[in-house]
Amino acid sequence: MGFNCGIVGMPNVGKSTLFNALTATAAAQAANYPFCTIEPNVGRVAVPDVRMDVLAKAAKSAQIVPTQLEFVDIAGLVRGASKGEGLGNQFLANIRDVDAIIHVLRCFENDDITHVEGTIDPLRDAETVETELMLADMESLEKRAVGFAKKAQIGDKEAKEYMAVVGPVLAALQAGKPARKVELSEEQKPLFRQLQLMTAKPVLYVCNVNEDAASTGNEMTRRVEEMARQEGSATVVISAAIEAEIAQFATVEEKTEFLATMGLDEPGLNKVIRAGYGLLDLITFFTVGPKETRAWTVRRGAKAPEAAGRIHSDFERGFIRAETIDYDSYVKLGGEAGCREAGKLRQEGKEYVVHDGDIMLFRFNV
């Protein structure tokens, strides 16, 4: 699967409650005290996609297998984490391993739930966490820059290429800007990714609100939305408390009825999952047949052999061609047979760029 989002934020903002609801388990302990998460918790969740039901019906598939995203619940960060405060660098290291960051911000008042800063201010909390991540990135880069500089002085080509990336990124961090704000050439981006900087990762802000603000948001969420808009990030408003309740219902009917009483069309978690999927710039292609309709994940811009490799490495290694049908044609023409007859089934080669919703069958030889 290989794509994951780290759930970060200050202590007691609802991270573990959100994670528990996401995975519909109680694997992460949710308690009213800081650092209740001692090890990162990992859970995989299905990505909701109504197209799968449509495809399965057309193909009379026996089962549906959705694609998945991985979520990592990371312990609360506090001011000074980059210098070892709280649980410090142990958890900063966990953030380095994820592909994207879901930053949970507390946007509700509740005297029964303490806040490490004493007051509720989501913008301050966002700045605190971002600052700690920037400080940690800056310290890491400054150490590596010394080594790159020494090698560059004796003519090491790769070191010179790294210095061309490290220089502007370090300058941005020193100026209080996250690494993701630095403009780099296409040639420099692979080196940039190899630096594994935390502030290079895309961010989704999840505003955790009280139950009565789940459908409308509140003044705090609007402030977060404006901040996110200015920095080019996205936001989702949910009530982690509601999501935790929904996770306890056994049937879809019970969940739907409960959502209706709360004035909601769907679980907020669906929005978080879809937003996380979009945050990683992922697309979905499908394999469809009588046995199953299955969704697969690739990065946008992936070519057919890479998509084949998501199913099995042999498919990529021995790739010959991909028989491809676009989703709209498959649905309109009632499946593969109708598409083949209408000339909508295409034979695509190694340079074909996969589109979201493609139905694909790979031919290979190893």
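(A) Representation of empty space enclosed by the protein in the model. One pass over the structure, following the stated rule, counts 2 cavities of 30 Å³ or more. When its volume is computed, the largest cavity comes out at roughly 50 Å³. Put simply, the parts of the chain that give the lining of the largest cavity at least two residues each are β5 (100–106), α4 (122–153) and β6 (203–208). Of all the elements, α4 adds the most residues to the lining of the largest cavity, at 4 residues. Tallied by class, residues from the lining of the largest cavity come to 7 nonpolar, 1 polar and 1 charged. The space that makes up the second largest cavity amounts to roughly 40 Å³. Along the walls of the second largest cavity sit Ala 214, Val 237, Ile 238, Ser 239, Glu 243, Leu 264, Glu 266, Gly 268 and Lys 271, which together make up its complete lining. Of all the elements in the fold, those that place two or more residues in the lining of the second largest cavity are β7 (234–238) and α10 (268–279).

(B) Highlighting the side chain of Thr 297. Tracing the chain through its elements places Thr 297 in strand β9 (residues 292–299). For Thr 297, a relative accessible area of 4% corresponds to the buried category. Only 2.3 Å separates the side chain of Thr 297 from the side chain of Thr 67, close enough to count as a polar contact. If near-sequence neighbours (up to four positions away) are discounted, Thr 297 is found in contact with Phe 3, Thr 67, Gln 68, Tyr 277, Leu 282, Ile 283 and Arg 310.

(C) Highlighting the nonpolar core. Of all hydrophobic cores here, the largest spans 51 residues; its most connected members are Leu 18, Leu 22, Leu 69, Phe 71, Tyr 205 and Val 206. Val 169, Ala 172, Val 182 and Leu 195 belong to the second-largest nonpolar core, a separate cluster that totals 19 residues.

(D) Spatial organisation of the packing of aromatic side chains. Taken as a whole and judged by the stated rule, the model has 6 aromatic pairs. Look at Phe 249 and Phe 258: their rings are 5.3 Å apart centre to centre, the planes differ by 45°, and that puts the pair in the tilted class. Consider the rings of Phe 285 and Trp 296, whose centres lie 6.5 Å apart with planes at 15°: the pair is stacked. Highlighted residues: Phe 285 in strand β8 (residues 282–288) and Trp 296 in strand β9, separated in sequence by 11 residues. For Trp 296, a relative accessible area of 15% gives the class buried. By the ring-pair criterion, three or more aromatic residues cluster together here, those being Phe 285, Trp 296, Phe 319 and Phe 362. Positioned over the ring face of Phe 108 is Arg 106, at 4.6 Å from the centre of the ring.

(E) Layout of helix α2 (residues 51–59). For α2, the set of buried residues is Arg 51, Met 52, Leu 55, Ala 56 and Ala 59. Around the axis of α2, the buried residues are gathered within 130° of arc, so they sit on the same side. Packed against the buried residues of α2 are β3 (63–65), β8, β9, α13 (327–332) and β12 (359–364). Of the residues flanking the end of α2, it is Lys 60, one or two places downstream, whose phi is positive at about 55°.

(F) Highlighting the pairing of β8. Across the 7 residues of β8, 7 count as buried, placing the element largely inside the fold. Sheet topology note: the β8/β9 ladder contains 7 bridges and is antiparallel. Paired with Val 288 across the strands is Thr 293, a residue of β9. Taking the residues that link successive antiparallel strands as the turn, the β8-β9 hairpin has 3 residues.

(G) The layout of surface pockets, seen in detail. Of the pockets and cavities examined, the largest pocket occupies roughly 860 Å³. In terms of lining, the largest pocket is formed by 24 residues, of which the most central are Phe 192, Arg 193, Ala 200, Lys 201 and Pro 202. Looking at the lining of the largest pocket, the element that brings in the most residues is helix α6 (residues 189–194), giving 3 residues. Each residue belonging to the lining of the largest pocket can be placed in one class, and the counts come to 10 nonpolar, 3 polar and 11 charged. Size it by volume and the second largest pocket reaches roughly 680 Å³. What lines the second largest pocket is a set of 30 residues, among which Ala 46, Pro 48, Lys 255, Pro 267 and Asn 270 lie closest to the centre. Mapped by element, the contributors of at least two residues to the lining of the second largest pocket are α1 (15–23), β2 (41–46), α2, α8 (240–246), α9 (252–261) and α10. For the lining of the second largest pocket, the element with the most residues is α9, which contributes 4 residues.

What counts, and where the lines are drawn
Residues numbered from 1 in each chain as written. Predicted model: local features only at pLDDT ≥ 70, side-chain atom pairs only at ≥ 80, totals over all residues. Heavy atoms only, no water. 1 Å grid on protein atoms, 1.4 Å probe; cavity = no way out; pocket = protein on both sides within 12 Å on 5 of 7 lines; lining within 4 Å. Points joined across faces, edges and corners; volume = space filled by probe spheres on them. Helix = DSSP H or I, 4+ residues; strand = E, 2+ residues; numbered from the N terminus. Nonpolar A, V, L, I, M, F, W, Y, C, P; charged D, E, K, R; others polar. Buried < 20%, exposed > 50% of the residue type's maximum accessible area, 1.4 Å probe, protein only. Polar contact = N/O pair within 3.5 Å; in protein donor to acceptor, adjacent residues only side chain to side chain. Contact = heavy atoms within 4.5 Å. Core = buried A, V, L, I, M, F, W, Y, C linked by side-chain atoms within 4.5 Å. Phe/Tyr/Trp six-rings, centres within 6.5 Å; stacked < 30°, edge-to-face > 60°. Lys NZ or Arg CZ within 6 Å of the ring centre and 35° of its normal. Arc of directions from axis to C-beta. Pairing = 2+ DSSP bridges.

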